[in-house]
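If you want the building blocks of each chain, they are given just below.
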Amino acid sequence: MWGDKRYHTLNYELRKTFGKKVIKLSLDGGFTCPNRDGTVGHRGCIFCGEEGSGEFAASRRLDIREQIKEQKRLLSNKWKTDKYIAYFQNFTNTYSSYEDLREKYFTALFQQGIVGLAIATRPDCLPDKVMDLLEEINRETYLWVELGLQSIHDRSAKFIRRGYPLRIYDEAVRRLRERNIRVVTHLIFGLPCESKKDTLESVKYVASTKTWGVKFHMLYIQKDTDLYKYYLKNPFPILSREEYISLVVDALEYLPKDMVVHRVTGDGKKELLVEPRWTLDKLRVLSGIDRELKLRNSYQGKKIE
Ligand code: SF4
């Protein structure tokens, strides 16, 4: 249904839209986060590392032009393409002055081969002026905005120290959708305070909001985080690879067919990752998901047909 996959991948969607492989260039816009600078919180989300949940972005010492050049060079060995999405990944990428955001977004947009922008942020960091800017960019290019929801459950939000309630996410989705801006929601699987049923409730909730895309992450315990300190004092069960694969397939079965699946497993930084180490073998997770879908004779959206 979606090339060689049983779910609607971002790769499939971008090839369909742009006629060829498009790759994301991860950028660090030099922003911070209200959940770290004291506005909402001081220590950030419990799982967030020193690099603000964007460990693979280019160096913030370089300006946006140089970062794009560097990322293109690094990725050119792996992928042969001339189309790119500039991905503002680290920290909260709408958390700055209007002028600063405008300058950085448009600088990225004007670089050769950039066909779109992806902006990761928090739903409580979208004032009207920033919304107007995003709407303007959305008219000029292919834009999506990523929101780190992680879970719909209050106790999980409290545990991860997310710093905003679910209604703020709902509100942000509504306002972005009113402006025809694509929204991608991040969800974390394997939170210690959640059962499989709880996680699937979050998946079903996000599916019901009909946002454009979704990203699934396994909960990573990295050395540079408060989660690691918590884990040392309160060791909790970690999902096995098989459990995770089964949960992802359950989740895919509840997603509308047109929802774009940006990620079903992430890339933890090898030297920082404590658990789960099995996530480092990404190909094995991906092929396990394909195999499980096949075994179940299943595909994205099967349970909501
Ligand atoms: S909102 Fe993002 S950048 Fe801010 S603390 Fe949480 S994970 Fe880190």
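Before going into details, it helps to say that this report is about the structure given with it. Since the structure is predicted, the reported quantities are computational estimates derived from the model, not experimental observations.

## Digging into the overall build of the protein chain
When helices and strands are counted, the protein chain shows 10 helices and nine strands. Taking 19 Å as the expected radius of gyration for a compact globule of 305 residues, we find that the protein chain reaches 18 Å, a close match to that expectation. Once the C-alpha set of the protein chain is aligned to its principal axes, its extents read approximately 45 × 45 × 40 Å. Considering the protein chain as a whole, with its 305 residues, one finds that 57% of them fall into the buried category. Taken as a whole, the protein chain presents about 14,000 Å² of accessible surface, with 49% of it coming from carbon and sulfur.

## Re the side chain of E13
Take E13: it is sitting in helix α1 (residues 10-18). Among the polar contacts made by the side chain of E13, one reaches the side chain of H8 at a distance of 2.7 Å. Among residues more than four places away in sequence, those in contact with E13 are H8, Y142, W212 and V260.

## Some remarks on the site of the ligand
The environment of the ligand is formed by nine residues, the closest being C33, G44, C45, C48 and R122. Residues of the shell around the ligand, tallied by class, amount to five nonpolar, two polar and two charged.

## Considerations on the packing of aromatic side chains
Applying the stated rule across the entire model yields 12 aromatic pairs. Both rings, one in F159 and one in Y230, keep their centres 5.0 Å apart while their planes meet at 75°; by these two values the pair is edge-to-face. Separated by 71 residues along the polypeptide, F159 in helix α5 (residues 154-160) and Y230 in helix α8 (residues 226-233) bring together distant segments of the chain. Residue F159 is classed as buried on the basis of its relative accessible area of 17%. Members of the aromatic cluster, joined through ring pairs, are F18, Y142, W144 and W212.

## Examining unusual backbone geometry
When glycine is set aside, most residues are seen to have a negative phi, and most peptide bonds are trans. The omega angle of the peptide bond from E275 to P276 is -15°, so this bond is cis rather than trans. Summarising the element assignment, P276 is placed in the loop between β9 (273-275) and α10 (282-295). With a phi angle near 60°, R161 is a residue other than glycine that sits in the positive phi range. At N297, a residue that is not glycine, the phi angle is positive and equals roughly 50°. Take N297: it is sitting in the segment after α10.

## Re the sheet that holds strand β1 (residues 23-27)
Strand order in this open sheet of seven strands is β1-β2-β3-β4-β5-β6-β8, and the pairing throughout is parallel. For this open sheet the edge positions go to β1 and β8 (260-263), each flanked by a neighbour on one side alone. Going from strand to strand, the sheet's axes swing by 25° on average, the running direction of each strand aside. As defined by bridge partners, strand β5 (residues 182-189) adjoins strand β6 (residues 213-218) across six bridges and the pair is classed as parallel. Residue pairing for β6: I188 is matched across the bridge by H217. Along the sheet, helix α2 (residues 64-75) contacts β1, β2 (84-88) and β3 (114-121); its crossing angle with β1, the most-contacted strand, is approximately 135°. Where helix α3 (residues 98-109) meets the sheet, its contacts fall on β1, β2 and β3, and the angle it forms with β3 comes to roughly 145°.

## With respect to the pairing of β1
Most of β1 sits inside the fold, with four of its five residues counted as buried. Inspection of the sheet shows β1 paired to β2 by five bridges, in the parallel sense. In the sheet register, L27 faces β2, and the bridge partner there is F88.

## Quick look at the environment of R43
Considering the arrangement of structural elements, one finds R43 in the loop between β1 and α2. Taking the C-alpha atoms as reference, R43 lies 9.3 Å from T225; in sequence the two are 182 residues apart. The contact partners of R43, leaving out residues within four places of it in the chain, are N35, R161, D226 and K229. A polar contact of 2.7 Å, which involves the side chain of R43, links it to the side chain of D226.

Scoring rules and cut-offs
- Residues numbered from 1 in each chain as written.
- Predicted model: local features only at pLDDT ≥ 70, side-chain atom pairs only at ≥ 80, totals over all residues.
- Heavy atoms only, no water.
- Helix = DSSP H or I, 4+ residues; strand = E, 2+ residues; numbered from the N terminus.
- Rg over C-alpha atoms; globule rule 2.2 N^0.38 Å.
- Buried < 20%, exposed > 50% of the residue type's maximum accessible area, 1.4 Å probe, protein only.
- Areas by Shrake-Rupley, 256 points an atom, 1.4 Å probe, with all protein chains shown as cover.
- Polar contact = N/O pair within 3.5 Å; in protein donor to acceptor, adjacent residues only side chain to side chain.
- Contact = heavy atoms within 4.5 Å.
- Near = heavy atom within 4 Å.
- Nonpolar A, V, L, I, M, F, W, Y, C, P; charged D, E, K, R; others polar.
- Phe/Tyr/Trp six-rings, centres within 6.5 Å; stacked < 30°, edge-to-face > 60°.
- Pairing = 2+ DSSP bridges.
- Axes fitted to C-alpha atoms, helices over the stretch in contact; angles between N-to-C directions.

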